[in-house]
Amino acid sequence: MRKTLTTAVIAMGMSAGAWAEAKVAMDTVPASAESQVTLSNWSAQPYNHWSFKNAGIHPSLMVPRGGNISEIPQALNDAVPNFAFDFDGQNYTVRSAMMGDDTDGVVVIKDGKIVYEEYFNGFGPHDHHIWASSTKTLVGQVMGLLIEEGLVSDTAKVETYLPELKGTHFGDRTVRDILNMVSALDYNEDYVNFEPGQISTEYFRRLGFVPAFDLMALDPTKSDTPRGILQLLPQFEQTEAFEPGYKFEYHSPNVDVAGWIISRVTGKPLHTVISEKVWSKLGAEHDAFMAADVGFNAIATGGFNTTLRDFARVGIAMADNGAYNGEQVFSEKWVKESFMLTDEEKEHVAKSNYKDPNSPAYDPWLEGYKNYLWVHDSEKGIATFRGVFGQHLYINKDKDVVIATFSSAESASNAVRSTNKPRLAAFDAIAEQLK
């Protein structure tokens, strides 16, 4: 049974009385000890309701918008939040499914018009929110732009672009291996168990998910200990269980390699490339920003932060094969290919724990994973961007529906968090019931 917020707080060692203050974390000046957000508690409830919309508690880098705002017209439909559906023997409405997974905001767009928009937990239309791993899919689309320009080939080895990785496991992988996460890393994407010395723990320390005050204090002129994510990448090795190209495993470091390639071939930091090639063309309402590691490298695997409608604008562009605001923001060919799956790519996912009915991560929607896009139905053009703690961008080309949600859920893994699955079911229910 899912714990209530109060129960979760007590389980963290807080009294029910302290919860009364903590539920409005950081809302007093100065903040009380019980409500203070820190680098040690920022991802836990109730603190994440504040920190996910104030992710500048980490090093961050601006991603400026540009041009006139592309207004999204409205055709509000009061019935949408009350759309009913069944999932796993339970009855839900769209609103109850969203609230059940601690949604901060949801916007539904049909035929290019907003039909439903609602905010919770003190979040609002002008607040920024971390995308978490939905950032990956944006990075994948930026890579597509560079491949279209001839700056990168997805069949080339990573070491072609990053000689720093020559002779390493990542260096010997192809760009396609890292884009589809079939790189066979000896690594565990575990958001809970951090064993000292493990490569996954060292990775998450540099990502900022786990506080690493010792790394912050290092003087890079006096220590060769990798302070940032990119310097750690040569240490990743191949698993002994199988060969690269055998199956899909969701391993975030692949995207850091992609982000580094993007920076290398353009000669610009990743956040600047995203600003120039994407964010300045979308007609976004607000500047974005990216969380960075202690070396001020933008976190390609999960650092993007925007407002909810601007998140949705990316989805509108994806639904129209990369076109939006009078611009071809993403490569039309690459977007189409991202939704299309080869038999081999389908097989990669079929071998993964996401398709094992006995796995807590079993995903009945997932057909394939390509260019960091979670493909639900390649024939109908249905897919999602996904980020931990409930950050989702649902694109349904067949129904011309885009749904964006930000959340501050109780636990990180969307795959194993039972309250996230009704949210995914709600997306399909909305697309089917909207006329």
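None of the values given here were measured: they were computed from a predicted structure.

Help me out: how do you make sense of the packing of aromatic side chains in this one?
Centre-to-centre distance and the angle between the planes together describe a pair of aromatic rings. Taken as a whole, this structure holds 31 aromatic pairs when the rule is applied. The interplanar angle of 70° and the centroid separation of 5.6 Å between the aromatic rings of F194 and F204 together place this pair among those described as edge-to-face. Of the two residues, F194 sits in the loop between α6 (175-179) and α7 (199-207) while F204 sits in helix α7, which places them ten residues apart along the sequence. The class of F194 is partly exposed, set by a relative accessible area of 27%.

Looking at this model, I keep getting lost on helix α5 (residues 134-148). Mind explaining?
Side chains three or four residues apart in an α-helix point the same way, a direct result of the helix having 3.6 residues per turn. End to end, α5 covers 22 Å across 15 residues, agreeing with the expected 21 Å (1.5 Å per residue, within 8%). Burial within α5 is extensive, with 14 of its 15 residues counted as buried. G150 occupies a position one or two residues after α5 and carries a positive phi of about 85°.

Any chance you could explain unusual backbone geometry here in plain terms?
For residues besides glycine, phi is generally negative; the peptide bonds are generally trans as well. The linkage connecting V29 with the following residue, P30, adopts the cis geometry, with an omega of -5°. In this structure, P30 sits in the loop between α2 (16-22) and α3 (48-51). Look at the link from Q45 to P46: it is a cis peptide, with omega at 0°. Among the secondary structure elements, P46 is positioned in the loop between α2 and α3. For D88, which is not glycine, the phi dihedral falls at a positive 55°. Position of D88 relative to the elements: it lies in the loop between β2 (84-87) and β3 (90-93). The exposed category is assigned to D88, whose relative accessible area is 69%. The residue D111 is not glycine, and still its phi comes out positive at about 50°. Its place among the elements puts D111 in the loop between β4 (103-110) and β5 (113-119).

Is there a simple way to explain the pairing of strand β12 (residues 373-377) in this structure?
When a strand is regular, its side chains alternate between the sheet's two faces. Here β12 lies mainly inside the structure; four of its five residues are buried. In terms of strand pairing, strand β11 (residues 368-370) meets β12 through three bridges, oriented antiparallel. Following the sheet pairing, K370 is matched in β12 by L373. Linking two consecutive strands that pair antiparallel, namely β11 and β12, is a turn of two residues; a positive phi of about 55° is found at N371 within it. Bridge count for β12 against strand β13 (residues 382-387) is three bridges, and the pairing is antiparallel. Its bridge partner being in β13, W374 is matched across the sheet by T384. Taking the residues that link successive antiparallel strands as the turn, the β12-β13 hairpin has four residues, and the phi of G381 there is positive, at about 70°.

Just to check I follow, could you spell out the confidence of the model for the protein chain for this structure?
Atomic detail in the predicted coordinates should be set aside for any region of low pLDDT. Of all residues in the protein chain, 94% have pLDDT values of 70 or greater, and the mean over the chain is 93. Counted against residues more than four places away or in other chains, residues 1-22, with its pLDDT under 50, gives 35 contacts.

Where do I start with the side chain of S252 in this structure?
Its place among the elements puts S252 in the loop between α9 (229-232) and α10 (253-266). A polar atom in the side chain of S252 sits 2.6 Å from the side chain of E189. Leave out the neighbours within four places in its chain, and S252 touches K136, Y187, E189, Y203 and T301.

Please explain the side chain of Q45 as it appears in this structure.
Take Q45: it is sitting in the loop between α2 and α3. Of note is the side chain of Q45, whose polar atom sits 3.1 Å from the side chain of D102.

Looking at this structure, I do not really get the sheet that holds β12. What am I missing?
The pairing of strands in a sheet happens through backbone hydrogen bonds and is either parallel or antiparallel. Strand order in the open sheet made by the seven strands is β5-β4-β15-β14-β13-β12-β11, with antiparallel pairing throughout. Of all strands in the sheet, those with a lone pairing partner are β5 and β11, marking the two edges. For this sheet the average axis-to-axis angle between neighbouring strands, irrespective of direction, equals 15°. Where helix α13 (residues 332-339) meets the sheet, its contacts fall on β11, β12, β13 and β14 (391-396), and the angle it forms with β12 comes to roughly 60°.

Quick question: what am I supposed to make of the pattern of salt bridges here?
Oppositely charged side chains can pair when the atoms bearing their charge come close. With the rule as written, the count across this model stands at 26 salt bridges. For D127, the salt bridge is made with K53, and the minimal N-O distance between the two is 3.9 Å. In this pair, D127 sits in the loop between β5 and β6 (129-130) while K53 sits in the loop between α3 and β1 (60-63), placing the two residues 74 residues apart along the sequence. Accessibility expressed as a relative area gives 24% for D127, which makes it partly exposed. Across the pair R205 and D214 runs a salt bridge, and its minimum N-O distance is 3.0 Å. On the basis of relative accessibility, which here comes to 17%, the residue R205 falls in the buried class. When its relative accessible area of 43% is taken as the criterion, D214 is described as partly exposed. Taken together, the salt bridges that share partners define one network made up of E117, E285, R309, D310 and R313.

Reading the values: rules and limits
Residues numbered from 1 in each chain as written. Predicted model: local features only at pLDDT ≥ 70, side-chain atom pairs only at ≥ 80, totals over all residues. Heavy atoms only, no water. Phe/Tyr/Trp six-rings, centres within 6.5 Å; stacked < 30°, edge-to-face > 60°. Helix = DSSP H or I, 4+ residues; strand = E, 2+ residues; numbered from the N terminus. Buried < 20%, exposed > 50% of the residue type's maximum accessible area, 1.4 Å probe, protein only. Expected span 1.5 Å × (residues − 1). Pairing = 2+ DSSP bridges. pLDDT = per-residue confidence, 0-100. Contact = heavy atoms within 4.5 Å. Polar contact = N/O pair within 3.5 Å; in protein donor to acceptor, adjacent residues only side chain to side chain. Axes fitted to C-alpha atoms, helices over the stretch in contact; angles between N-to-C directions. Salt bridge = Lys/Arg side-chain N within 4 Å of Asp/Glu carboxyl O.

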